[in-house]
Amino acid sequence: MHKEYKRYLKNSLLIFLIALSFFLVFRLWSVSNYFGDGLAQSISNIARVIKKPFINLFDREDDSSLENLKYVLSPKRIVVNYDEKRSIMQSNEDDFFAFYEHFLEILRKTESGEIKIESVENVSQSDYYASLKSKSVLVDYDTLYDYNLLTAVTDVVGESRLMTDSSVFREIIISMPENVLNYTALYIMDYNDGKVYKYMLNMDKTVLEGLLNTRLAENPSPGTYFYSFELNFHVEENEDGSPAKVLFYPMTSVALMPEERQGIISYKHGLNGEEFENESQILKLFNINTMSAGKYTDIDGSKNFVENNATLKIGADGFIEYISTDEKKGVLLTELSENKSFDVGLATIVTSGFVNEIYNLLENSGNEMLRISGDLIEGDSPGKYTIKYDYYIGGVPVFQLDEKSGEVINSVVARVEDGYLKYYKHYLRTYDYIEEKTVQQTMLAAADELVDKMSVDNSQMKISKAYECFVDSKENLPASDWVFEIEGMDGLYR
C-alpha cells in the first residue's frame with residue numbers, strides 16, 4: 001500500500017512537471033525577450049501551434065474585447081427631453097453610462113424577446129423628429145453604423161426583429177407616451193432607405209423614467225439647446241422662397257450662446273533621443289524582427305523598419321505608421337474559416353482590440369478614451385474596411401493637425417482586409433486637463449466662417465456632422481475649435 005502511494009505520488013509529480021515545462025516554454029515563446037528577437041521570430045509559428053488549445057485566453061475576440069467594443073462604439077452624446085427642457089450628457093459623466101447601460105439592456109431584452117414588441121409601424125420623419133418633443137431619450141451616435149455592430153455590443157446571437165428591419169442607423173430614440181402605462185416607443189431610422197420604424201414595447205419603464213426625471217431636475221437647460229430641425233436649419237428653402245445657404249443635419253445640437261470650455265494639455269509619446277519607450281512592444285505587434293529587418297533613419301530622426309513587404313515608421317514627433325505592400329497579407333488579426341467570415345462586426349472587434357493593445361502601452365491619464373469616429377457600414381467591397389478612431393476627453397473629440405498639408409485628420413486610421421491589417425497610422429497621444437479655460441464660439445458662427453471660405457457660386461452646403469472639438473498640433477496645448485463634415489466631400493473642415 002505504501003509503495004502504491006509512492007508510485008502514485010511520483011506519477012502525479014511527473015505529470016505536473018511536464019505540464020509546467022510546456023507552460024513555461026509557451027510563456028517564453030509568446031511574451032519573453034529571453035531568446036532575442038531572431039530566435040523568437042523563427043519559432044513564432046511553433047508557438048502559434050502550441051497556443052491553439054488556449055486561443056480563447058489570448059484571442060482579441062474574447063469578453064474583454066466585447067467590453068472594449070462597448071466603449072469604442074459608445075454614443076457621442078445622450079440627450080433627455082421633455083417639452084422645452086433638455087439636458088445633454090457626454091461620456092465624462094456618470095449619468096451618461098447609467099443611461100447607456102440601461103439603453104443596452106432594453107435593446108438586449110427586446111432583441112432576445114424578453115421585452116415583447118406589441119406593434120410595429122412605419123412613421124414619417126416628421127413624427128420621428130416630433131418624438132423628441134415628448135418625454136424621451138435620444139441616444140446619438142452621430143455616425144452611420146451597421147446594425148450588426150449594435151447586436152455585437154449587446155451580445156445577442158442570431159437575428160432579431162430590429163436587425164431584420166434596420167440595417168444602418170445613426171441614432172435611436174426612446175419615447176415614453178403620456179398616460180400610457182408599461183408602454184414605451186422605440187424609434188429607429190434605417191439610413192439605407194430613410195424608413196422610420198416605431199416599435200411599441202411592453203416594458204416596465206420605472207427605471208428609465210426615474211433616470212430621466214432625476215437628470216432633468218438636476219440639470220435642466222430650458223431654452224439653451226435646440227435641434228436644428230426646430231429652427232428649420234434642415235429645410236432647403238428660406239421662408240421667402242430663396243435657397244438656404246447652408247443646411248444642417250436635423251439632429252444637430254444648436255447652442256445659441258458661446259460656452260466656456262476647460263483647456264487640455266497634450267503628451268506626445270515619440271522618440272526620446274535615440275530610444276523609443278515602447279519600441280520593442282510595438283515591433284512585436286507588427287511582427288517586425290529587428291535581427292533581420294532593414295532599417296534606416298529619416299532626417300528628422302524617425303526610424304523605419306522594412307520586412308516581409310511591409311514598412312513600419314516610428315515618427316520622431318509621436319506617431320507610428322505601418323504599410324503592407326503584400327496584396328494577400330499584413331498583420332494577421334484573426335484567422336478565418338468557412339463558418340467565420342470577415343464582416344463589419346468581426347473587423348471592428350479585432351481591429352479595436354489591436355488599437356487598444358497599442359493604446360495600453362501609453363501611460364494615459366485616465367481622462368481620455370478612444371472612440372470610433374468614421375461611418376462603419378457594409379460597403380461595395382465585403383471584407384475590406386477603413387476604421388477611424390479619435391481620442392475623447394470630457395466627451396469632446398481631439399483631432400490631429402497634419403503639419404504638412406494643414407488638414408485636420410483622425411487620430412487613428414486602420415485599413416483591414418480579410419483578417420489582415422494592411423495600413424495603420426496612430427498618433428501616440430495622451431491628454432489631461434489644465435486650469436485655463438477658453439470661451440468657444442457658437443457652432444453657427446463657425447459654420448458661417450466655413451461657408452464664406454468654401455462656398456462657390458453661392459452653392460448650397462450641407463453639413464452632415466458638426467464637432468465641437470480640440471485640434472492637436474506641434475504645440476502641447478490643443479486649440480479649441482469647430483470641425484465639420486460636408487455631404488459629398490471627404491475629410492474634416494474648419
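Each remark here, short or long, concerns the structure printed above.
Report on the accompanying structure. (Residues numbered from 1 in each chain as written. Predicted model: local features only at pLDDT ≥ 70, side-chain atom pairs only at ≥ 80, totals over all residues. Heavy atoms only, no water.)

One recurring pattern in soluble globular proteins: nonpolar side chains tend to sit buried together. Ranked by internal contacts, the top residues of the largest apolar core, which has 82 residues, are Phe103, Leu186, Phe286, Phe354, Ile358, Leu421 and Tyr424. Of all the elements, helix H12 (residues 344-359) adds the most residues to this core, at 9 residues. If we skip the residues at most four places from it in the chain, Phe286 touches Leu312, Ile320, Tyr322, Val331, Phe354, Ile358, Leu421 and Tyr424. Among the nonpolar cores identified, the runner-up in size contains 16 residues, and Tyr129, Leu138, Tyr227 and Met251 belong to it. (Core = buried A, V, L, I, M, F, W, Y, C linked by side-chain atoms within 4.5 Å. Buried < 20%, exposed > 50% of the residue type's maximum accessible area, 1.4 Å probe, protein only. Helix = DSSP H or I, 4+ residues; strand = E, 2+ residues; numbered from the N terminus. Contact = heavy atoms within 4.5 Å.)

Relative orientation of the contacting elements helix H6 (residues 94-112) and helix H10 (residues 206-218) amounts to 160°, with a least axis distance of 11 Å. By the criterion of interaxial angle, the relationship of H6 to H10 is roughly antiparallel. In the crossing of H6 with H10, the sense of the turn from one axis to the other is left-handed. Contact residues: H6 offers Asp95, Ala98, Phe99, His102 and Ile106, while H10 offers Val207, Leu208, Leu211, Leu212 and Arg215. (Axes fitted to C-alpha atoms, helices over the stretch in contact; angles between N-to-C directions. Parallel < 35°, antiparallel > 145°, perpendicular 65-115°, else oblique. Left-handed = near helix turned anticlockwise from the far one by under 90°.)

Turning our eyes to something else, we now look at H12. Under the 1.5 Å per step criterion, the end-to-end length of H12 is 22 Å for 16 residues, consistent within 8% with the ideal 22 Å. Within H12, 14 of the 16 residues are buried, leaving the element largely enclosed by the surrounding structure. One side-chain oxygen at the N-terminal end of H12 lies 3.2 Å from the backbone nitrogen of Gly345; it belongs to Asp343. (Expected span 1.5 Å × (residues − 1). Polar contact = N/O pair within 3.5 Å; in protein donor to acceptor, adjacent residues only side chain to side chain.)

Let us now look at helix H13 (residues 443-454). An ideal rise of 1.5 Å per residue puts 16 Å on 12 residues; H13 measures up with 16 Å between its terminal C-alpha atoms. Looking only at H13, the buried set comprises Met443, Ala446, Ala447, Leu450 and Val451. With its buried residues spanning 140° around the axis, H13 presents them on a single face. Turned more than 90 degrees off the buried face of H13, the exposed positions are Glu449, Asp452 and Lys453. Check the buried side of H13 and you find it contacts strand S9 (246-248), strand S10 (253-255), strand S26 (461-472) and strand S27 (479-486). (Arc of directions from axis to C-beta.)

Next up on the list: the side chain of Lys465. If you trace the backbone, Lys465 turns up in strand S26. The exposure class assigned to Lys465 is buried, which follows from its relative accessible area of 4%. Here Asp142 takes part through its backbone oxygen, which lies 3.4 Å from a polar atom of the side chain of Lys465. Residue contacts for Lys465: discarding those within four places in its chain leaves Asp142, Thr143, Arg170, Ser373, Asp375, Val483, Phe484 and Glu485.

The next thing to look at is the packing of H6 against helix H8 (residues 147-154). Direction vectors running N to C along H6 and H8 enclose 100°, while the axes themselves pass 9 Å from each other. Relative to H8, the element H6 is oriented roughly perpendicular. Residues Tyr100, Leu104, Leu107, Arg108 and Glu111 of H6 form the contact with H8, whose participating residues are Tyr147, Leu150, Thr151, Val153 and Thr154. Across the contact of H6 with H8, the residue classes break down as 6 nonpolar, 2 polar and 2 charged. (Nonpolar A, V, L, I, M, F, W, Y, C, P; charged D, E, K, R; others polar.)

Let's shift gears to the pattern of salt bridges. Taken as a whole, this structure holds 20 salt bridges when the rule is applied. Taking the shortest distance from any N to any O, the salt bridge between Arg261 and Glu468 comes out at 2.8 Å. Of this pair, Arg261 sits in strand S11 (residues 259-268) while Glu468 is found in strand S26, placing the two residues 207 residues apart along the sequence. (Salt bridge = Lys/Arg side-chain N within 4 Å of Asp/Glu carboxyl O.)

In terms of residue burial, strand S7 (residues 196-202) counts as a mostly covered element, since 6 of its 7 residues are buried. One ladder, built from 7 bridges, connects strand S3 (residues 116-123) with S7; its direction is antiparallel. Residue pairing for S7: Glu121 is matched across the bridge by Lys198. The pairing of strand S6 (residues 183-189) with S7 spans 7 bridges and is classified as antiparallel. Among the inter-strand pairings, Met189 is bridged to a residue of S7, identified as Val196. Here S6 folds back onto S7, and the loop between the two strands holds 6 residues, one of which, Gly194, carries a positive phi near 80°. (Pairing = 2+ DSSP bridges.)

Before going further, it helps to spend a moment on the sheet that holds S3. Taken together, 7 strands build an open sheet; the order of strands is S2-S1-S4-S5-S6-S7-S3 and the sheet is antiparallel. A single partner strand is all that each edge strand has here, and the edge strands are strand S2 (85-89) and S3. Along the sheet, successive strands turn relative to each other by an average axial angle of 20°, direction set aside. Note: strand S4 (residues 136-146) against strand S5 (residues 168-175), 7 bridges, orientation antiparallel. In the strand pairing of S5, Asp146 is matched with Val168.

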